Amino acid sequence: MTSTALRSRAWKLLEMVTTPLLPSDYLDLVSPLRAGADLRGRIEAVHPETGDAATIVIRPGRGWRGHTAGQYVRIGVDIDGVRLWRAYSLTSPTNRLDGRITITVKAIPDGKVSNHLVRRAKPGTLIQLDQPTGDFVLPQAKPAKVLYLTAGSGITPVMGMLRDIAFDDVVMIHCAPQPQDVIFRNELHGLVADKKLRLTEVHTDTDGMLDIARLDELVPDWTERETWACGPAGLLDAAEEHWSEHGVQERLHTERFRPSIVVAGDGGDVTFSTTGKTVDADGATPLLDIGEEAGVLMPSGCRMGICFGCVTPLKAGAVRDLRTGEITEAEPGVLIQTCVSAAAGPCDIER
Amino acid sequence: MTAIDPTAHLTSEQIEELGRELDAIRDEVIADRGEKDAAYIRKVISAQRKLELVSRGVLLFSIFPPAWLIGTAGLSVAKIMDNMEIGHNILHGQWDWMRDPKIHSTTWEWDHVSPSEQWKHSHNELHHTYTNVIGKDNDLGYGIMRVDEDQKWHPFHLGQPLWNFINACFFEYGIAAYDLELGKNLNKRRRKSPEFRARAKAVGRKIRKQVLKDYVIHPLLSGPSFLPTLGATFTANLVRNLWTHSVIMCGHFPEGVQVFERRSIKGETRGQWYLRQMMGSANISGSKAMHFMTGNLSHQIEHHLFPDLPSNRYAEVAVKVRALFEKYELEYVTGPLPKQVFSAWHKVFRLSLPNKKPKVETPDREQELVAA
Ligand code: FES
């Protein structure tokens with residue numbers, strides 16, 4: 001018998017001993033970051049960057065597969081007892097010797113997770129991690145000339161790139177309201193001093209928004225440059241238009257932030273994505289009834305919110321709890337009780 | 001259905017007002033639910049796991065009597081914690097709001113021969129929706145006992161103290177059979193239905209795993225302590241069964257608890273539903289440790305009003321609920337465990353014998369029942 005076969009036998013036996021739990025449920029008590037555990041990380045330090053941004057140093061579990069510069073990672077943080085997931089760009093180089101990774105988070109107004117991470121996260125806290133993902137990355141072959149076009153926290157994936165590989169000819173245009181809002185400002189200026197980077201800072205509070213037509217003046221050879229752009233939708237839309245007008249759209253790589261926040265309204269189109277049905281729902285009828293009327297097979301029980309027999313994943317959109325008025329927005333892993341939830345805007349129910 | 005309706009003095013407006021007041025209590029807890037509660041359940045789960053691990057470790061040496069005693073006691077407590085404060089409450093969705101897939105009603109599996117999925121259906125859906133409605137809530141006597149004067153007596157009921165005792169000893173198997181609705185599914189046609197067979201298979205699988213763990217693998221691992229370990233796990237299961245059965249009997253059986261007619265819940269309003277939960281449940285009074293070991297089912301009344309509120313909140317909710325009982329002049333049935341257990345058993349004995357024929361119902365009476 002091969003050693004792997006032997007190992008899996010031993011594991012099976014162990015599973016029998018721990019049933020109905022799994023051996024990992026016990027191992028998690030002592031070693032949550034071990035190989036083979038669900039991927040987690042431990043916050044080891046929080047370094048303030050600007051007034052509202054901080055870099056979080058995380059030791060990932062042994063199962064971490066490593067990232068490519070420019071990628072992002074989804075993290076799950078428990079806030080007020082509730083696990084919330086968000087995606088953040090990785091800002092650490094891929095070859096960091098101590099094996100730790102960093103994300104750099106800017107607190108957005110009313111942002112539950114970002115504010116928590118920037119202002120309240122404590123070293124030692126365990127968080128959930130996903131493997132890194134995203135195709136906003138550098139190519140295998142080194143481009144001769146590079147342009148980074150960023151705004152606000154759009155600088156984070158690009159910082160991951162800058163720290164990872166040095167190119168011969170790199171230009172960066174970065175927009176932020178004021179000098180003190182520029183994340184990584186000291187490090188960027190250090191690179192400039194070392195002649196590793198040419199940097200233009202646009203301070204939008206005084207200079208106004210970046211007019212994409214100014215590119216010709218700021219970076220005359222921009223059409224020859226492989227460009228990575230990351231920032232708010234307005235900037236990216238303008239860039240995409242500008243690049244395709246000049247017929248060089250294949251040189252532009254963009255990364256968009258989270259699609260616009262769901263606006264919770266009253267009722268909306270409900271999609272039952274498994275069945276492939278979409279129906280218009282008002283804001284007062286339980287989704288259970290809406291589904292059943294549309295002929296979708298909906299699990300149910302008490303129909304009054306007490307048995308949890310109707311829980312169903314909410315894939316997109318928002319719903320309102322008919323008892324408390326509380327709004328729940330779709331996030332991976334979010335389940336709702338369809339018997340006491342109504343559509344608060346368009347939503348997608350996995351049934 | 002009891003001779004005098006203890007809620008007859010309430011007007012329907014009062015009942016709806018009562019419902020609103022209870023909703024407000026619920027909303028308050030929900031608004032305040034957070035980090036502390038999450039930390040609580042995590043701590044309990046981790047303590048249970050450690051206790052079980054240590055106890056099973058000690059039992060490997062159960063050939064030595066002190067080890068047997070300590071290990072058996074520890075394992076009994078661990079099993080009670082698993083079933084009561086952890087399993088029962090998680091399966092109610094009390095902790096779903098944390099969005100931790102490991103502590104979630106859709107993923108949790110407990111140390112019990114009834115698979116979570118089936119138990120959730122019979123318990124959360126049937127029992128909690130139709131609490132104490134004869135013919136709808138099978139928890140009332142589990143289909144083998146007579147629990148109310150108005151139920152027809154049959155010579156079979158003479159044996160019910162014995163049935164109840166046997167059920168208590170093998171309670172988890174009783175529950176599994178009950179979740180399968182074995183009685184009603186034993187006729188030929190139903191026995192063959194694919195749905196029933198799938199469920200029966202799931203129970204079989206679960207029983208096999210549980211038995212294998214408790215009565216084969218663990219004793220085998222103990223080597224020379226094989227027999228003592230076997231005895232220890234058997235004892236722990238027995239203790240757990242007797243304990244949970246007692247606690248659960250106290251929830252709905254003691255004297256003073258009402259049962260309801262099927263017809264009485266037609267078109268029931270939220271207020272009326274609340275009222276039925278209030279009149280259909282009974283508490284156990286006692287220390288903090290007592291509440292913990294019952295999985296806070298000592299706060300059965302509060303649990304039935306708010307089955308999805310985290311169990312660690314029932315104690316504070318109980319103060320407010322009790323005040324409402326007083327305000328609306330209703331009887332809050334509660335008492336120490338021995339008293340409640342005695343009361344429930346007393347009823348089991350009493351109803352094993354026939355009683356005077358129940359009063360014939362008049363249309364008038366039915367109207368009263370709607371209000372109940
Ligand atoms: S059907 Fe019971 S909670 Fe929704």
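The structure presented is a predicted model; accordingly, all values stated were derived computationally and were not measured. (Residues numbered from 1 in each chain as written. Chains lettered and ligands numbered in written order. Predicted model: local features only at pLDDT ≥ 70, side-chain atom pairs only at ≥ 80, totals over all residues. Heavy atoms only, no water.)

Draft legend 1. How the structure looks around the overall build of chain B. Within chain B, the regular secondary structure consists of 16 helices and zero strands. Its C-alpha radius of gyration of 21 Å places chain B within 12% of the 21 Å reference for a compact globule of 372 residues. For the C-alpha atoms alone, the extent of chain B along its principal axes is close to 70 × 50 × 40 Å. Across the 372 residues that make up chain B, the buried fraction comes to 53%. For chain B, contacts bridging at least 24 residues in sequence account for 73% of all contacts bridging at least 6. Carbon together with sulfur atoms contributes 66% to the accessible area of chain B, which is approximately 16300 Å² in total. Once the 48 positive and 43 negative side-chain charges of chain B are each reduced to a mean point, those two points are 9 Å apart. (Helix = DSSP H or I, 4+ residues; strand = E, 2+ residues; numbered from the N terminus. Rg over C-alpha atoms; globule rule 2.2 N^0.38 Å. Buried < 20%, exposed > 50% of the residue type's maximum accessible area, 1.4 Å probe, protein only. Contact = heavy atoms within 4.5 Å. Areas by Shrake-Rupley, 256 points an atom, 1.4 Å probe, with all protein chains shown as cover. Lys, Arg positive; Asp, Glu negative; His and termini not counted. Charge placed at Lys NZ, Arg CZ, Asp CG, Glu CD.)

Draft legend 2. Examining the packing of aromatic side chains more closely. What the rule picks out here adds up to 11 aromatic pairs over all chains. Their ring planes at 45 degrees and their centres at 6.4 Å tell us that Y215 of chain B and F234 of chain B sit as a pair that is tilted. On the criterion of sequence distance, the pair formed by Y215 of chain B in helix α9 (residues 194–221) and F234 of chain B in helix α10 (residues 226–252) is long-range, its members being 19 residues apart. Counting every residue linked through ring pairs, the aromatic cluster contains Y40, W95 and W97 of chain B. It is R163 of chain A that lies over the ring of F184 of chain A; its NZ or CZ is 4.8 Å from the centre. Its end group placed over the ring of Y130 of chain B, K136 of chain B keeps NZ or CZ at 4.3 Å from the ring centre. (Phe/Tyr/Trp six-rings, centres within 6.5 Å; stacked < 30°, edge-to-face > 60°. Lys NZ or Arg CZ within 6 Å of the ring centre and 35° of its normal.)

Draft legend 3. Up close: the UniProt feature "domain: FAD-binding FR-type" (unreviewed entry) in chain A. Per the UniProt record, "domain: FAD-binding FR-type" (unreviewed entry) is annotated on residues 36–139 of chain A. For residues 36–139 of chain A, the helix share is 9%, the strand share is 43%, and the end-to-end C-alpha distance is 31 Å. (UniProt positions renumbered as here; feature names shortened; annotations may be inferred.)

Draft legend 4. Local environment of the interface of chain B and chain A. The partner chain A presents 33 residues to the 42 residues of chain B that form the contact. Of the roughly 3100 Å² buried at the junction of chain B and chain A (both faces included), carbon and sulfur atoms supply 61%. When residues of chain B are sorted by the area they lose upon contact with chain A, R49, R99 and K102 of chain B head the list and together hold 22% of the total. Counting every contact that joins chain B to chain A gives six salt bridges. R323 of chain A serves as the salt-bridge partner of D308 of chain B, at 3.9 Å between the closest nitrogen and oxygen. Counting across the chain B and chain A interface gives seven residue pairs in polar contact (both at pLDDT 80 or more). The set of elements that each furnish at least two residues to the side of chain B that touches chain A consists of α1 (12–32), α2 (35–59), α4 (116–129), α9 and α11 (270–280) of chain B. For the side of chain B that touches chain A, the element with the highest residue contribution is α2 of chain B, accounting for eight residues. Of the residues in the side of chain B that touches chain A, the class split is 11 nonpolar, 11 polar and 20 charged. (Buried area = accessible area lost by both parts, 1.4 Å probe. Salt bridge = Lys/Arg side-chain N within 4 Å of Asp/Glu carboxyl O. Polar contact = N/O pair within 3.5 Å; in protein donor to acceptor, adjacent residues only side chain to side chain. Nonpolar A, V, L, I, M, F, W, Y, C, P; charged D, E, K, R; others polar.)

Draft legend 5. Fine view of the sheet that holds strand β3 (residues 72–79) of chain A. Residues and elements named next belong to chain A. Taken together, six strands build an open sheet; the order of strands is β4-β3-β6-β1-β2-β5 and the sheet is antiparallel. The open sheet has two free edges, formed respectively by β4 (82–89) and β5 (101–106), since each of these has just one partner strand. Between one strand axis and the next, the sheet turns by 40 degrees as a mean value, whatever way the strands run. As paired strands, β3 and β4 are joined by eight bridges and run antiparallel to one another. (Pairing = 2+ DSSP bridges. Axes fitted to C-alpha atoms, helices over the stretch in contact; angles between N-to-C directions.)

Draft legend 6. Region of interest: the pairing of strand β1 (residues 40–50) of chain A. Residues and elements named next belong to chain A. The pairing of β1 with strand β6 (residues 126–129) spans three bridges and is classified as antiparallel. Bridge pairing in β6 places R40 opposite Q128. Here eight bridges tie β1 to strand β2 (residues 53–60), and the two strands are oriented antiparallel to one another. Within β2, the residue paired with V46 across the bridge is I56.

Draft legend 7. Local environment of the layout of surface pockets. Counted as a void, the second largest pocket has a volume near 1400 Å³. Forming the boundary of the second largest pocket are 46 residues, of which D25 and D28 of chain A together with R49, K102 and W108 of chain B lie nearest the centre. Listed by contribution, the elements that provide at least two residues to the lining of the second largest pocket are α1 (3–18), α2 (23–30), β4 and β6 of chain A together with α2, α4 and α9 of chain B. Per-element accounting of the lining of the second largest pocket gives the leading share, seven residues, to α2 of chain B. Along the lines of polarity and charge, the residues of the lining of the second largest pocket split into 18 nonpolar, seven polar and 21 charged. (1 Å grid on protein atoms, 1.4 Å probe; cavity = no way out; pocket = protein on both sides within 12 Å on 5 of 7 lines; lining within 4 Å. Points joined across faces, edges and corners; volume = space filled by probe spheres on them.)

Draft legend 8. Seen up close, α9 of chain B. All names here are of chain B. Relative to the 40 Å expected for 28 residues at 1.5 Å per residue, α9 spans 38 Å between its end C-alpha atoms, a close match to the ideal helical length. Helix geometry: α9 is bent most strongly at L212, by close to 40 degrees. For α9, every residue scored as buried is listed here: F196, R199, V203, K206, Q210, K213, D214, I217, H218 and P219. The first or second residue beyond α9 is G223, which carries a positive phi of 55 degrees. (Expected span 1.5 Å × (residues − 1). Bend = angle between axes of the 7 residues up to and from the residue.)

Draft legend 9. Structural context of the packing of α10 of chain B against helix α15 (residues 337–352) of chain B. Residues and elements named next belong to chain B. One can describe the packing of α10 onto α15 by two numbers: an axis separation of 9 Å at closest approach and a directional angle of 75 degrees. Between α10 and α15, the angle is such that the two are roughly perpendicular. Contacts between α10 and α15 involve W243, S246, M249 and C250 from the former and L337, Q340, V341, A344 and W345 from the latter. (Parallel < 35°, antiparallel > 145°, perpendicular 65-115°, else oblique.)

Draft legend 10. The arrangement of the environment of T229 of chain B in detail. All names here are of chain B. As for its position among the elements, T229 is in helix α10. By relative accessible area, which is 0% here, T229 ends up buried. The sequence separation of T229 and F61 amounts to 168 residues, and the corresponding C-alpha distance is 8.2 Å. When sequence neighbours within four positions are dropped, the list of residues in contact with T229 reads L59, S62, H218, P219 and S222.

Draft legend 11. Here's a closer look at empty space enclosed by the protein. Residue and element names in this part refer to chain B. For the coordinates displayed, the defined rule picks out eight cavities of 30 Å³ or more. Quantified by volume, the largest cavity comes out at close to 290 Å³. If you trace the largest cavity, you find 26 residues lining it, with W119, H123, F171, I175 and I248 closest to the centre. Within the lining of the largest cavity, the residues separate by chemical class into nine nonpolar, 13 polar and four charged.

Draft legend 12. A look at the side chain of T102 of chain A. Within the secondary structure, T102 of chain A sits in strand β5. Only 2.8 Å separates the side chain of T102 of chain A from the side chain of T91 of chain A, close enough to count as a polar contact.

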